[in-house]
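# A closer look at the structure
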Amino acid sequence: MINQLLNQISKDLKELKDAITEHYELYISAFTALLFTSRQTGYTRKELSTWNKADLLPYKISKSETKEESKARIISSFWRRYSLIECVWIKVVVKLLRFGINEALIVDLKNQLFQQVDSIEKNDTELTPDEKKVKQLRESHFGKFLMYTTKYHIEFSILVSESGEFAIVNHASSSVVDIYKSFSDKTYVAINVTSLMKSFIGSDELSLDADYYVSILHPKEREVIQKIKQNAFKQVTLSLKDGSITHYYINKDREANELAIKNIARMLKKEDYQSIQCVGIDDSVVSYEEEALTSLV
């Protein structure tokens, strides 16, 4: 069942790549680029080092290297940077540990979710360790699933039982009820990975520019942002899911506009909105519904 689901995701992503070739690489880069410091993951270097030694992180830092590699790795093991995919996975690991899931079971789950969907080219020996890791992240089951569900605002969770059984739940699938039923006689933890992702990317602790938030939006959402950048609108109003309304005014102040665009893109990525209403220079009004902007069609 898990392989069937992951194969379908791989197929969907290939079709997605063919449909938006000009943006595909940028989108993947946003998830796999090693941008985040240990502090930005939300955990200390000591905690990350402990989890690395326990092989809980996607790709363990090895100490069995040449003298030159070892010297470079000693530095990077303390000051290394993490991808968005890794940051979300680390939060999954923390949830599992707090629930009391055995470390050996977490390692097994990690090995299954971070196996490669597609094989890396045979010349991977020419890649640096960081380049190789980026390639592995983009081809992993977990990485592909996170990218797919993020693009279409699909909720997804991981269920893990105390005995090590696990399932990936796509909340948009008709099989959700059946999957939860299959775990009804087990003691298990359900981790909403989408929620962890939104919480991380929406954190005030991160210092990301507007382009980063825009790069991981749905293509239709990016089109709206592009129109805002082109000064097609003088006012943008976001109706949020909690019932509140946020207004942004677009004017000739470039710095203020950049901040407004960043905040709008960040809010779109947090998926807190229901609709966007844009007032044009000529006072015309255009409205976009969240459901329409993030539709699979």
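To be clear, the structure that these remarks concern was listed above.
Residues numbered from 1 in each chain as written. Predicted model: local features only at pLDDT ≥ 70, side-chain atom pairs only at ≥ 80, totals over all residues. Heavy atoms only, no water.

## Points about helix α11 (residues 193-201)
The element α11 is largely enclosed, with a buried count of seven among its nine residues. Within the span of α11, buried status applies to V193, T194, L196, M197, K198, F200 and I201. (Buried < 20%, exposed > 50% of the residue type's maximum accessible area, 1.4 Å probe, protein only. Helix = DSSP H or I, 4+ residues; strand = E, 2+ residues; numbered from the N terminus.)

## Some thoughts on the packing of aromatic side chains
For any pair of aromatic rings, the description consists of the separation of the ring centres together with the inter-plane angle of the planes. Tallied over the full model, the rule gives 13 aromatic pairs. Taking 6.0 Å as the distance between ring centres and 85 degrees as the angle between the ring planes, the aromatic pair formed by Y59 and F114 counts as edge-to-face. Residue Y59 is located in the loop between α4 (45-53) and α5 (67-79), and its partner F114 is located in the loop between α7 (103-113) and α8 (129-139); the two are separated by 55 residues in the primary sequence. Accessibility assignment for this pair places Y59 and F114 in one class, buried. Each member of the aromatic cluster is reached from another via a ring pair, and the members are Y59, W89, F114, F142, F145 and F156. The aromatic ring of Y27 is capped on one face by K151, whose charged end is 3.8 Å from the ring centroid. Above the face of the F183 ring, K186 is positioned so that its terminal group lies 5.4 Å from the ring centre. (Phe/Tyr/Trp six-rings, centres within 6.5 Å; stacked < 30°, edge-to-face > 60°. Lys NZ or Arg CZ within 6 Å of the ring centre and 35° of its normal.)

## Topic: the sheet that holds strand β6 (residues 273-280)
Strand order in the open sheet made by the four strands is β5-β4-β6-β7, with antiparallel pairing throughout. Among the strands making up the open sheet, the edge pair consists of β5 (245-249) and β7 (285-289). Across the sheet, the mean angle from the axis of one strand to that of its neighbour is 15 degrees, orientation sign disregarded. Where β6 meets β7, five bridges bridge the pair, whose relative direction is antiparallel. The partner of Q277 across the bridge, within β7, is S287. Sheet contacts for helix α13 (residues 219-229): β4 (233-240), β6 and β7; angle to β4, the most-contacted strand, approximately 145 degrees. (Pairing = 2+ DSSP bridges. Axes fitted to C-alpha atoms, helices over the stretch in contact; angles between N-to-C directions. Contact = heavy atoms within 4.5 Å.)

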